[in-house]
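Reading the structure
Residue-level listing of the chains:
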Amino acid sequence: MDVRSQIATVFHLDKCIGCHTCSIACKNIWTDRKGTEYMWWNNVETKPGTGFPTQWENQDKYKGGWEIKGGKLGLKSTSKSQFLPNIFHNPSMPTMDDYYEPWTYRYSDLFNAPEGEDQPTARPISMVTGRPIEIKSGPNWDDDLSGSSLYAKNDPNLEALSPVQREQLLAVEKLVLFYLPRICNHCTNPACVASCPSGALYKRGEDGIVLVDQKTCRGWRYCVSACPYKKVYYNWQTGKSEKCLLCFTRLETGQAPACFHSCVGRIRYLGVLLYDAELIEKVARLPKEKLIEAQRAMILNPHDPKIIEGARRSGIHDSVIESAQKSPVYKFVKEWKMALPPHIEYRTLPMLFYVPPMSPVMANKNKETLCGNSEDLFHDIKESRIPLAYLANLFGAGDEGVVLQALKKQKAVRWYRRHLTVGDVPENIADRMLKESGLDRHEAEAIYQLTSLCTFEDRFVIPPAHREEAIEMLKDPLEHKQEVGFGFLERPKRGL
Amino acid sequence: MDKFLFGILPYLSVSILIIVSILRYRLHRFSFSSLSSQFLENRVHFWAMVPFHYGLIVVLLGHVMAFLIPRQILMWNAHPLRLFILETTALAFGLLTLVGIVGVMIRRGVHSKVRITTNVTDWILYVLLFLQIVSGIGVSIFMNWGASWFASSMSPYLWSLVKLEPEINFVSPMPFLVKFHIVTAYLTLLIFPLTRLVHILVVPLHYFVRQFQVVRWNYRKYPLEGEKHG
């Protein structure tokens, strides 16, 4: 057993209101530089929809992630024999057209326009060429299902649906949407890292954050095509790849990442997961339907004395183990099994998990659907407007069972709380729902607390980074005593 | 003049190539790559990059072989048909390179987004490469059987350079086009370390032997005993 610690995250989609505050927080801190204007390390997509970049989930086009080649795990986009012949022209590289050409407006037009009949307008200007452009589309062009005949209709996840279901999904009176905020998943089997010929991408040992070493990156662009979530972006100005850092600079000082901190709906949770690194390859090679269960099994129980012993042996600090024990992510993912990985069939074993969203039941059902008198208390989940098959394609590797389980728990907790606060749900029904969804009252209360009444401290259990000790392990601190704080950027010594 | 161009310039170029490349790698490693523009334009990129690189690699390899094993090349060429095959192949790949460099220049000049990322150094390099490729093709068309005379007179010249006893007499009687081709080669080497060509020096061959996953530790200096995963 090789115990490692990972800063993992949960996004509770049932709480997301699609306000894009996370995206703006991130943009303002990290990607308002030249060459990065088009990047959205954090973006919020409307689902069903084609997302950003357009149709990123279509791996026939983008060739992201891993596949099993003759029993072995290999990258879909490249391999050790293909990378050199393809180095001059990456055949599965997305271009700016798949994202959008960033623009601003020439505001001076508003002041300099000559007097006339019409209101002056500010012309849109490309942030790449500086020339006027005709805006045809941009990020979130399909926000809230706008242009759904173009966008939502071409969502790759709709594949599993029957033509009738597809039709229903987009019929006006049955329209449904939910939001999918996305950042880098900081995967345990990252395809971007594996594809980088320069070895510039790496996973940090202590917290599992995946980063690009800008000085080692030579811009061969393989990471861009290898990441199935399209969360590594190419900076066309510097010729380097850039990606979400999980705001490690903030994490190391005990603050939540900017997108987490600013989240209005409080949908984001962050905490440590301990996992067994020895299992990574074995798990990633399993058949699709076994992946979710196997990834859960790879995540270790931080209360188990044997695991604690193993973690200590791996050099994981006691304070990090303590953090793992309090981790909200561990509860959602492993204890309650309510949070699911996105598209685990890409086999990168993502460390960001989603609590699937509830949705209204089909409008063409009668009242009885809602009153809970039916024998099957959860039948309305199967009849909700977002087809289970759709959610299963996104979060269950096609398995409706795991998604149903997660939704059942959410519903059971709601009805249990309704029984307590409103009182119109009989106790026996509430208890039966808890039982059928695999919860007890204690757990239901905990889920309710962490979902609805969570404070900053509940949502973000940030382990100390112990960078001061990290330095001590590598260097003698006394030797470097004068290196911090004010000092000389260049040595003042002159001559020979 | 010939003495400078063929006796001094090669040494100057190679010294600058080595010294400046090392300096640039040490002082400004961030810029040590060929700033790819595939992200901005993908279609012409294919038709320019693939012929250019494959053409150039084969042509360069031909030069290097004639330099390293001139006798074997001459033996191969003893049979006229084999000489003809070699010449035609070389010319074909030369033309491929020409298609590539013309594609590169058109793409850089015409496509507005790509033009933004192109600087003066790039243009100097492209013009130099273009001249060199055109003159090389000219030599192979107008001065036939270069595969043989390169081996018999250019190879000794190049070897004389290696031995630090430059024999200019091998080059002096050559026609202008050949001389031009040689001088542009030296000039390319001269500006090599200041241009995007430095990407040749960092071709990531270590990827062949590397494990897929890379893990960097701040805390743990050495991997644990028996550790296998990165």
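What you see is a predicted model; the values in this text were computed from it and never measured.

A short note on the pairing of strand β10 (residues 232-235) of chain A
All names here are of chain A. Both faces of β10 are covered, namely the face carrying V232 and Y234 and the face carrying Y233 and N235. Pairing between β10 and strand β11 (residues 240-243): 4 bridges, direction antiparallel. Counted as the bridge partner of Y233 is E242 from β11.

Remarks on the confidence of the model for chain B
Residue and element names in this part refer to chain B. Per-residue pLDDT for chain B has a mean of 91; in total, 95% of the residues score no lower than 70. The weakest mean pLDDT in chain B belongs to helix α3 (residues 70-77) at 88; the strongest belongs to helix α8 (residues 176-191) at 96. For the stretch residues 222-230, pLDDT sits under 50, and the model shows 11 contacts to residues farther than four places along the chain or on other chains. Prediction confidence for the complex, expressed as pTM and ipTM, is 0.91 and 0.90 respectively.

Points about the sheet that holds strand β14 (residues 352-355) of chain A
Residues and elements named next belong to chain A. Reading across from one edge, β13-β12-β1-β14 is the order of the 4 strands in this open sheet, with mixed pairing throughout. Either end of the sheet is taken by a strand with one partner, and the two such strands are β13 (299-300) and β14. The pairing of strand β1 (residues 3-12) with β14 spans 4 bridges and is classified as parallel. Residue pairing across strands places V10 opposite F353, the latter belonging to β14.

As for the interface of chain B and chain A
Facing 38 residues of chain B, the contacting portion of chain A comprises 43 residues. Counting residues per element, the ones that place at least two in the side of chain B that touches chain A are α2 (43-68), α5 (112-116) and β1 (215-216) of chain B. Broken down by element, the side of chain B that touches chain A gets its largest block of residues, 5 residues, from α2(B). Pairing geometry for strand β8 (residues 201-204) of chain A and β1(B), over 2 bridges, is parallel. Following the sheet pairing, K203(A) is matched in β1(B) by V215(B).

Rules used throughout
- Residues numbered from 1 in each chain as written.
- Chains lettered and ligands numbered in written order.
- Predicted model: local features only at pLDDT ≥ 70, side-chain atom pairs only at ≥ 80, totals over all residues.
- Buried ≥ 20, exposed ≤ 12 C-beta atoms within 10 Å, placed from the backbone.
- Helix = DSSP H or I, 4+ residues; strand = E, 2+ residues; numbered from the N terminus.
- Pairing = 2+ DSSP bridges.
- pLDDT = per-residue confidence, 0-100.
- Contact = placed C-beta atoms within 7 Å.

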